[in-house]
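Coordinate inspection notes
So the chains spell out like this:
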Amino acid sequence: MLEITAVSAAYGEARVLHEVSLRVGAGEVVTLVGRNGAGKTTLLRCVMGLHTQATGRVALEGQDITGLPPHRRARRGLGFVPDDRGVYAQLSVEENLTLPPVRGASPWPLERVYDTFPVLAARRRFPGAKLSGGEQQMLALARVLRAGARVLLCDEPTEGLAPVIVQQIGEIIRDAKQHGVSVLLIEQNLRFAATVADRHYLLAQGRVALEVANSGIQEHEHELMAHLGL
Ligand SMILES: Nc1ncnc2c1ncn2[C@@H]1O[C@H](COP(=O)(O)OP(=O)(O)OP(=O)(O)O)[C@@H](O)[C@H]1O
């Protein structure tokens, strides 16, 4: 579904990703774990076409998208949920939701979004600025799903959220997976990652240090913890 091959990236003279290769299968949820500064955000930005000082190849559904600008990648079915969530503070929830153009017949029309995210239905007229962190995260996820994303790239969706909201985010990810959506998510919380993901990649100093199936996470727990500095 999503295939990343030998992606390297730099900021000026500083190389921060070194030939990273990984893949996310159809309907698969894959986490990217690693310490602060390991290069996780940069990798997602490379996949979305937002970081241009990069080399390597990105393919979506078998098609090379490496040369495409971000909006054309979005049109092909990539949905990026950045760590700041990208919610427009002045626009209402509904305006935020309906802003991006919908790709084909969305499997998540507005009514379905409101069924899945009742909190957004209740807040549909609220400005983005009035939402809590958890509500903003829901809105950011709902917006890319509504726009027709088939592959979600999520930068730490659970960061700073209360456990009950984290649980809800987990349910949304599982629901999206059931509908064939693939997810690549940055996650520092291994315990949460294990509840949603099929596989995990550990990124260390810009390289893939470990790939582990979710069933093998306990076996590698010490190694993962050591790498994460936990
Ligand atoms: N705009 C930038 N200019 C220069 N260096 C940057 C910039 N953004 C990130 N870096 C550097 O690139 C490296 C990788 O950063 P990146 O944000 O991708 O890591 P990360 O694993 O996502 O960490 P975090 O969880 O802290 O966001 C770090 O050394 C960081 O300092």
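Relevant structure appears above.
Residues numbered from 1 in each chain as written. Predicted model: local features only at pLDDT ≥ 70, side-chain atom pairs only at ≥ 80, totals over all residues.

Here we look at the site of the ligand
Defined as follows: Being near a molecule or strand means, for a residue, that its C-beta atom, positioned from the backbone, comes within 6 Å of it. Note on conventions: DSSP H or I runs of at least 4 residues are helices, E runs of at least 2 residues are strands, and numbering of each starts at the N terminus. Each residue gets one of three labels, nonpolar for Ala, Val, Leu, Ile, Met, Phe, Trp, Tyr, Cys and Pro, charged for Asp, Glu, Lys and Arg, and polar for the others, Gly among them.
Around the ligand, a shell composed of Y11, V16, G34, N36, G37, A38, G39, K40, T41 and T42 is seen. For the shell around the ligand, the leading source of residues is helix α1 (residues 40-48), giving three residues. Each residue belonging to the shell around the ligand can be placed in one class, and the counts come to three nonpolar, six polar and one charged.

As for the environment of L32
Counted only if it meets this: Whether two residues are in contact is decided by their C-beta atoms, placed from the backbone, lying within 7 Å.
With respect to the secondary-structure elements, L32 resides in strand β3 (residues 29-33). Sequence separation between L32 and A176 is 144 residues, and the spatial gap between their C-alpha atoms is 18 Å. Setting aside residues no more than four positions away along its own chain, L32 makes contact with K40, L43, L184, L185, I186, Y201 and L203.

Some remarks on the sheet that holds strand β5 (residues 63-64)
As a reminder of what qualifies: A pair of strands is treated as paired once DSSP finds two or more bridges between them. Angular values range over 0 to 180 degrees, each being the angle between N-to-C directions of two axes fitted as lines to C-alpha atoms, with helices fitted over their stretch in contact.
Judged by pairing direction, the sheet is antiparallel, and its four strands sit side by side in the order β2-β1-β4-β5 without closing on themselves. Two strands close off the open sheet at either side, each with one partner strand: β2 (14-24) and β5. In the sheet, strand β4 (residues 54-60) pairs with β5 via two bridges, with the strands oriented antiparallel. Its bridge partner being in β5, A59 is matched across the sheet by D64. Against the sheet, α1 contacts β1 (2-11), β2 and β4, and its axis sits at roughly 115 degrees relative to β1.

Overview of the sheet that holds β3
Spatial strand order, β6-β7-β8-β3-β9-β10: six strands in an open sheet with mixed pairing. Of all strands in the sheet, those with a lone pairing partner are β6 (78-81) and β10 (207-213), marking the two edges. The sheet shows a mean angle of 15 degrees between the axes of neighbouring strands, taken without regard to direction. In this structure, strand β7 (residues 151-155) lies alongside strand β8 (residues 182-186), joined through five bridges in parallel fashion. Residue pairing for β8: L153 is matched across the bridge by L184. The strands that α1 touches are β3, β6, β7, β8 and β9 (199-204); relative to β7, the one it contacts most, it runs at about 150 degrees.

A closer look at the nonpolar core
Note the cut-off: Buried Ala, Val, Leu, Ile, Met, Phe, Trp, Tyr and Cys residues whose C-beta atoms connect them within 7 Å together make up a nonpolar core. Field definition: a residue is buried when 20 or more other C-beta atoms are found within 10 Å of its C-beta, exposed when 12 or fewer are, and partly exposed for counts in between, with C-beta atoms placed from the backbone.
If you look at the biggest cluster of nonpolar residues, it comprises 61 residues, and the most contacted ones within it are A142, L152, L153 and V183. When residues of this core are assigned to their parent elements, the largest contribution, seven residues, is made by helix α6 (residues 133-146). In contact with L152, other than residues within four places in its own chain, are G79, V81, V144, A176, V181 and V183.

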